[in-house]
Amino acid sequence: MKNTVIFIIFVLVIVGLLYSISGKRHARIPDDVLHRQVSATDSAACMECHGPGKAAALKPEHPPKFECHKCHKSKRIRS
């Protein structure tokens, strides 16, 4: 019985470790008035504020992809 408990704990630790290192976590799209007005698939609308030289421009190390919704998901709960 003791060996079974130790084995289960070992497996849970390994699964937790693998989950914690399994890829990047991307910031969620805020659920505020401004972001609710933007279409769920319109990356051009995102670039109006997050484009180069804008008030909320992307950081220089951000990947140069303009398909925002592939990585960033909405905080809104979909029904």
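This one's a predicted model, so the numbers in the text were calculated from it and none came from an experiment.

K.L.:
Please explain the overall build of the protein chain as it appears in this structure.
P.N.:
Regarding its fold elements, the protein chain presents three helices and zero strands. Reading the protein chain from its N end, one meets helices and strands in the order α-α-α. Counting every position in the protein chain, which comprises 79 residues, the buried fraction comes to 11%. Taking the contacts inside the protein chain whose residues are at least 6 apart along the sequence as the reference set, 55% of them involve residues at least 24 apart. Counting only carbon and sulfur atoms, one obtains 66% of the accessible surface of the protein chain, whose full area is about 7,000 Å².

K.L.:
Is there a simple way to explain the confidence of the model for the protein chain in this structure?
P.N.:
Caution applies to low-pLDDT parts of the model: their predicted coordinates are not meant to be read in detail. Residues of the protein chain with pLDDT of at least 70 account for 90%, and the chain-wide mean is 81. Per-element averaging of pLDDT across the protein chain places helix H2 (residues 33-36) at the bottom with 78 and helix H1 (residues 2-20) at the top with 93.

Criteria and thresholds
Residue positions within a chain follow its written sequence, with the count starting from 1. The predicted nature of this model means local features are confined to residues of pLDDT at least 70 and side-chain atom pairs, given and counted, to a pLDDT of 80 or more, with totals for whole chains, interfaces and linings taken over all residues. Computation of side-chain values covers all heavy atoms of the structure but excludes hydrogens and water. Where helices and strands are cited, they refer to DSSP runs of H or I of at least four residues and of E of at least two residues respectively, numbered from the N terminus. Classification of residues uses two cut-offs on accessible area relative to the type maximum, computed with a 1.4 Å probe and protein chains only: under 20% is buried, over 50% is exposed, and between them is partly exposed. What makes two residues a contact is simply this: any of their non-hydrogen atoms within 4.5 Å. Using the Shrake-Rupley algorithm and a 1.4 Å probe, accessible areas are obtained, with residue cover drawn only from the displayed protein chains. One confidence number per residue, pLDDT, is output by the predictor and ranges from 0 to 100.

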